Amino acid sequence: MSTMLDHKTVGITDIPRLINLHDQAMNQVTCYLGECGGGKTTQVKAYVNDKSNNIGNFLDLNLQTREVFDMQGTLVQTLDEDGSHVTDWAHCEEFKNIVRLARKGIRSAIFIDEFTNAETVMLGTACRLILDKMAGSLNLVVNGLAPLIIVAGNRPQDNTNYNEVPNNFWDRVAVYELKADSKLTAEYAVAKSWHYVTTSFIRQFPKAVNEGWQPESMKSLTSRGLEKVSDLEKVGIPKDLELSVLQSIMGKYWANEYQAYREVIQDMISLEDVLANPKTCPVPSEERPDVLYTMSNMLAYNMNKDNASQIIQYVSRLDSSWTVMCVSDAVKRDRKLVQQRDVKQFATKNIEVFTDLI
């Protein structure tokens, strides 16, 4: 298995396109392998919940929390037409519902998570579900309508109780290895309105994300952890517990770096001052890229249709790279902003950057 994971990696934001490609072109199951907390589950669920993908029913199966009878049902004695006793499956209600909805033309999606952690018996049952779309003896394909099946798991090197998967399984699915990527993580952070300090930290310290999961460490920095830190930033981290809280989420090394980076806030110009005096308010020195990063992210995070003009006036006094980053981040977070007069004018002047955003 370890020799198989040496091909080109993809990023978490590639997942929706890959699902569409294999599903529409070949009716093929896609499987995503990557480090813990890297965003696999989040991206798959976002795809399924996107109304444009026409998924009417979603079954989320985490193989670490399910039993075999959840997958194929339990064995029961029934009477055949000729009166003889036969053994058949009493199917799980979740799978019966998939069949009922398919008869009405409603497609379901099945997400099989933690696949590589499944024990041998569960793995065999899951493979039958994934490859043959069968739950025990219940065929989930109705009138040619098959459920969309997506699989995710961890890699052998991630120290997550990985269990060997037969090669004939890998031969029948499209398998992708996901690699942690700071740029994609930052883009996701902007789109999901993560706190500006967390977002700018990712951009200032890409290695924090790119070095990935550290199996020898009890705690590694992951995208999931960064999102938790962002949530804490929004509610406030008690000063006396600051380092302890950060270390519990990020691990010792990156928690120390993040705590030091938070001190940048003290050197920032406040949002209130920027909005009150966008033409005369002080701007950070070009010798302080850490402050500029955080300021740009803070202003993008807080930009709305009512204050966009003042913020653009202010950031236009900075080097153009900071201005473009600030305004494009704001538009990525809220696409409706591009309808604001000054934002639209700025985007038009920088159309090469905003082509996909307006």
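Positions within a chain are numbered from 1, following the residues in the order the chain's sequence is written. Totals for whole chains, interfaces and linings use every residue, but because this is a predicted model, local features are given only for residues with pLDDT of at least 70 and side-chain atom pairs only at 80 or more, for both listing and counting. Each side-chain value is derived from all of the structure's non-hydrogen atoms; neither hydrogens nor water enter the calculation.

Draft legend 1. Layout of the packing of helix α8 (residues 196–204) against helix α12 (residues 252–262). Note on geometry: axes are lines fitted to C-alpha atoms, helical ones only across the stretch in contact, with angles between N-to-C directions running from 0 to 180 degrees. Each helix is a run of DSSP H or I of at least 4 residues and each strand a run of E of at least 2, with the numbering of both proceeding from the N terminus. The contact between α8 and α12 brings their axes to 11 Å, and the two run at 115 degrees. In this structure, α8 crosses over α12, and the sense of that crossing is right-handed. Two secondary-structure elements touch here, α8 through V197, T198, S200, F201 and Q204 and α12 through W254, E257, Y258, Y261 and R262. Handedness of each helix crossing follows the sense of rotation of the near helix against the far helix: counterclockwise by less than a right angle gives left-handed, clockwise gives right-handed. What makes two residues a contact is simply this: any of their non-hydrogen atoms within 4.5 Å.

Draft legend 2. Spotlight on the pairing of strand β3 (residues 74–79). When a residue's accessible area, from a 1.4 Å probe over protein chains only, is under 20% of the maximum for its type it is buried; when over 50% it is exposed; and in between it is partly exposed. Here β3 lies mainly on the outside; zero of its six residues are buried. Pairing between strands requires that DSSP locate at least two bridges from one strand to the other. Of the strand pairs in this sheet, β3 and strand β4 (residues 85–90) are connected by six bridges, and their pairing is antiparallel. Looking at β4, one finds that Q77 is bridged to T87.

Draft legend 3. How the structure looks around helix α15 (residues 308–315). A308, I311, I312, Y314 and V315 are the residues of α15 that are buried. Along the axis of α15, the buried residues cluster in a sector spanning 160 degrees; they form a single face. The inward-facing, buried residues of α15 abut α13 (271–276), α14 (289–302), α16 (320–333) and α17 (341–349). The directions from the helix axis to the C-beta atoms form the arc being described.

Draft legend 4. Just the pattern of salt bridges, in detail. Salt bridges are counted wherever a side-chain nitrogen of Lys or Arg sits within 4 Å of a carboxyl oxygen of Asp or Glu. All told, the structure shown has 16 salt bridges when counted by the stated rule. In this structure, D132 and R172 form a salt bridge, with 3.4 Å as the shortest nitrogen-oxygen distance. With D132 in helix α5 (residues 120–132) and R172 in the loop between α6 (167–170) and β9 (174–177), the pair connects residues that are 40 residues apart, well separated along the chain. Look at D132 and you get partly exposed, because its relative accessible area is 38%. The closest approach of N and O atoms between R288 and D267, which form a salt bridge, is 3.3 Å. In this pair, R288 sits in the loop between α13 and α14 while D267 sits in the loop between α12 and α13, placing the two residues 21 residues apart along the sequence. Since its relative accessible area comes to 31%, R288 is described here as partly exposed. Residue class for D267 comes out partly exposed when judged on its relative accessible area of 42%. What emerges from the salt-bridge pattern is a single network uniting E233, K239, E242, R262 and E263.

Nothing here speaks to function; it is all geometry.
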